[in-house]
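Here are the chains, one letter per residue:
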Amino acid sequence: MRALGIDYGRRRIGLALSDATGLLARPWKTIATAAGGPSRAAAALAAEIAVLEAEEDGLSAVAVGYPRKLNGEPNEQTAAVEIFAAGLRPLVSVPVVLQDERLSSREAESLLARSEKDWRKRKAHLDAASAAVILQDYLDAHSRPASHPSEGDNL
């Protein structure tokens, strides 16, 4: 089943979706952060999540980027993300997990720069690309181990 990645920001929220197998993340879209802070944004996203859950591929989890300094201490955005995630949890029926997002924006910028040289054009896609990096990290950490044939098995 699919998973949703969220990069919560003061002005914009980047969203990413995995494929139906839950192995690959891709940027989906960027929406404006709702006026009223993290709790209002959580309510708005709960409606988006309900639509995704009702679709054929469903939704198995929501991974919210958890911002921290490189040394692991909270930064100026950490508390807002914690409020956002806490507000989202009772509104949806799938698990909402916090996923370390350190350096995700830098990685997303690097990936976007490979295909688009103009930084002004990249900026419009950065939040969704960051959400995809966050989601891919979550998927990689929670992927099911592939079954490998033992040495004695015939191929």
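Residues numbered from 1 in each chain as written. Predicted model: local features only at pLDDT ≥ 70, side-chain atom pairs only at ≥ 80, totals over all residues. Heavy atoms only, no water.

1. Digging into the overall build of the protein chain
Scanning the protein chain from N- to C-terminus turns up 4 helices and 5 strands. Tracing the protein chain from N to C terminus, the helices and strands come up as β-β-β-α-β-α-β-α-α. Out of the 155 residues belonging to the protein chain, those deemed buried represent 38%. Taking the contacts inside the protein chain whose residues are at least 6 apart along the sequence as the reference set, 63% of them involve residues at least 24 apart. With an accessible surface of roughly 9000 Å², the protein chain has 53% of that area assigned to carbon and sulfur atoms. (Helix = DSSP H or I, 4+ residues; strand = E, 2+ residues; numbered from the N terminus. Buried < 20%, exposed > 50% of the residue type's maximum accessible area, 1.4 Å probe, protein only. Contact = heavy atoms within 4.5 Å. Areas by Shrake-Rupley, 256 points an atom, 1.4 Å probe, with all protein chains shown as cover.)

2. Focus on the environment of Gly-37
Along the polypeptide, Gly-37 turns up in the loop between strand 3 (25-32) and helix 1 (38-54). Here the alpha-carbon distance between Gly-37 and Phe-84, two residues 47 residues apart in the chain, equals 8.3 Å.

3. What about the environment of Leu-139?
Summarising the element assignment, Leu-139 is placed in helix 4 (residues 119-141). Since its relative accessible area comes to 6%, Leu-139 is described here as buried. With 76 residues separating them along the chain, Leu-139 and Ala-63 place their C-alpha atoms 9.1 Å apart. Once residues within four sequence positions are removed from consideration, Leu-139 is found in contact with Ala-3, Ser-18, Gly-22, Leu-23, Leu-24 and Ala-25.

4. Quick word on the sheet that holds strand 3
With respect to topology, 5 strands assemble into an open sheet ordered 3-2-1-4-5, the strand pairing being mixed. Taken across any chain shown, the strands that pair with only one partner, and hence form the sheet edges, are strand 3 and strand 5 (96-100). For this sheet, the mean angle separating the axes of adjacent strands, direction not counted, is 25°. With 5 bridges joining them, strand 1 (residues 3-8) and strand 2 (residues 12-18) adopt antiparallel strand pairing. Residue pairing for strand 2: Asp-7 is matched across the bridge by Gly-14. (Pairing = 2+ DSSP bridges. Axes fitted to C-alpha atoms, helices over the stretch in contact; angles between N-to-C directions.)

5. Thoughts on the environment of Ala-16
Among the secondary structure elements, Ala-16 is positioned in strand 2. Taking relative accessible area as the criterion, Ala-16 reaches 0% and is therefore assigned buried. When the C-alpha positions of Ala-16 and Val-62 are compared, they lie 9.9 Å apart, and in sequence the two are 46 residues distant.

6. Brief notes about the packing of aromatic side chains
Scanning all chains against the criterion turns up 1 aromatic pair. For the pair Tyr-8 and Phe-84, a centre-to-centre distance of 4.7 Å together with 25° between the ring planes defines the contact as stacked. A residue pair is termed long-range when its members are at least 10 positions apart, and Tyr-8 in strand 1 and Phe-84 in helix 2 (residues 78-88) qualify at 76 residues. For the cation-ring pair, Lys-29 lies above Trp-28, with the distance from its terminal atom to the ring centre recorded as 4.6 Å. (Phe/Tyr/Trp six-rings, centres within 6.5 Å; stacked < 30°, edge-to-face > 60°. Lys NZ or Arg CZ within 6 Å of the ring centre and 35° of its normal.)

7. Quick look at the confidence of the model for the protein chain
A residue-level look at the protein chain finds 77% of positions with pLDDT of 70 or above and a mean pLDDT of 83. The least confident element of the protein chain, judged by mean pLDDT, is helix 3 (residues 104-115) at 60; the most confident is strand 1 at 96. Contacts of residues 147-155 to residues separated by more than four positions or lying in other chains number 1 contact, the stretch itself having pLDDT below 50. (pLDDT = per-residue confidence, 0-100.)

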